[in-house]
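Each chain is listed here by its residues.
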Amino acid sequence: MQVSTTPTLEGFTIAEYCGVVTGEAILGANIFRDFFAGVRDIVGGRSGAYEKELRKAREIAFRELEEQAKERGANAVVGIDIDYETVGKDSSMLMVSVSGTAVIVHRK
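About the criteria used
- Residues numbered from 1 in each chain as written.
- Predicted model: local features only at pLDDT ≥ 70, side-chain atom pairs only at ≥ 80, totals over all residues.
- Heavy atoms only, no water.
- UniProt positions renumbered as here; feature names shortened; annotations may be inferred.
- Helix = DSSP H or I, 4+ residues; strand = E, 2+ residues; numbered from the N terminus.
- Buried < 20%, exposed > 50% of the residue type's maximum accessible area, 1.4 Å probe, protein only.
- Contact = heavy atoms within 4.5 Å.
- Areas by Shrake-Rupley, 256 points an atom, 1.4 Å probe, with all protein chains shown as cover.
- pLDDT = per-residue confidence, 0-100.
- Core = buried A, V, L, I, M, F, W, Y, C linked by side-chain atoms within 4.5 Å.
- Pairing = 2+ DSSP bridges.

By the naming in an unreviewed UniProt entry, the protein is UPF0145 protein D6C13_03325, taken from Rahnella woolbedingensis. Turning to the protein, the UniProt annotation filed under Sequence similarities (unreviewed entry) states: "Belongs to the UPF0145 family."

Here it is in structure tokens:
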């Protein structure tokens, strides 16, 4: 499955549009990781705990997006938009949502 944020894929022709597909992932952040992430941010370091959680959420969201595209018979997704949000009480959860257009492409 090819995926892209661009509206087309170089070297391919879009033969058919199969509709909009989406993927979402919401992950709760552990209180201890939150505490230590805050300490690292104060001293200027990177927050490895948050980076790991965001990466994990993004991978889940993309997997869902690709599964939906395959169910529609598509072999690619174009025009992908990726959004990151904090949700829940005190913004205690991380949400990643991705959406794009499932398409069937052929080599030119």
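We are not done yet, so read on.
Engineer: Before we go on, may I ask you to explain the overall build of the protein in this structure?
Structural biologist: Secondary structure assignment for the protein yields 2 helices and 4 strands. Listing every helix and strand of the protein by position from the N terminus yields β-β-α-α-β-β. Out of the 108 residues in the protein, the part that is buried amounts to 29%. Within the protein, counting contacts between residues at least 6 apart in sequence, those at least 24 apart form 75% of the total. Just so you have it, the protein exposes about 6,800 Å², and 53% of that area is on carbon and sulfur atoms.

Engineer: Looking at this structure, how should I read the confidence of the model for the protein?
Structural biologist: Any region with low pLDDT has predicted coordinates that should not be read closely. With 81% of its residues at a pLDDT of 70 or more, the protein shows a mean pLDDT of 86. The weakest mean pLDDT in the protein belongs to helix 1 (residues 31-42) at 54; the strongest belongs to strand 1 (residues 2-3) at 96.

Engineer: Before we go on, may I ask you to explain the nonpolar core in this structure?
Structural biologist: Soluble globular proteins tend to bury their nonpolar side chains together. Ranked by internal contacts, the top residues of the largest apolar core, which has 16 residues, are Leu65, Val77, Ile80, Val98 and Ala102. Contributing elements (two or more residues each) for this core: strand 2 (12-28), helix 2 (48-71), strand 3 (76-87) and strand 4 (93-107). The element best represented in this core is helix 2, accounting for 5 residues. Among residues more than four places away in sequence, those in contact with Val98 are Val21, Thr22, Gly23, Ala61, Phe62, Leu65, Ile80, Asp81 and Ile82. Residues Phe12, Val78, Val103 and Val105 belong to the second largest nonpolar core, which totals 6 residues.

Engineer: Even after reading the chapter, I still don't get the side chain of Ser97, so can you show me in this structure?
Structural biologist: Here Ser97 lies in strand 4. Excluding residues that lie within four positions of it along the chain, Ser97 makes contacts with Gly23, Glu24, Asp81, Ile82 and Asp83.

Engineer: Sorry, what's going on with the pairing of strand 3 here?
Structural biologist: Walk down a regular strand and you will see the side chains alternate between the two sheet faces. Pairing of strand 1 with strand 3, which is carried by 2 bridges, proceeds in the parallel orientation. Looking at the pairing, Gln2 lines up with Ala76 of strand 3. Note: strand 3 against strand 4, 10 bridges, orientation antiparallel. Paired with Asp83 across the strands is Ser97, a residue of strand 4. From the end of strand 3 to the start of strand 4, which pair antiparallel, there are 5 residues, and Gly88 there has a positive phi angle of about 90°.

Engineer: What is the right way to read the sheet that holds strand 3 from this model?
Structural biologist: Across a sheet, strands are paired by hydrogen bonds formed along the backbone, either parallel or antiparallel in direction. One open sheet holds the 4 strands; their spatial order is 1-3-4-2, and the pairing between them is mixed. Here the strands that pair on one side only, and so sit at the sheet edges, are strand 1 and strand 2.

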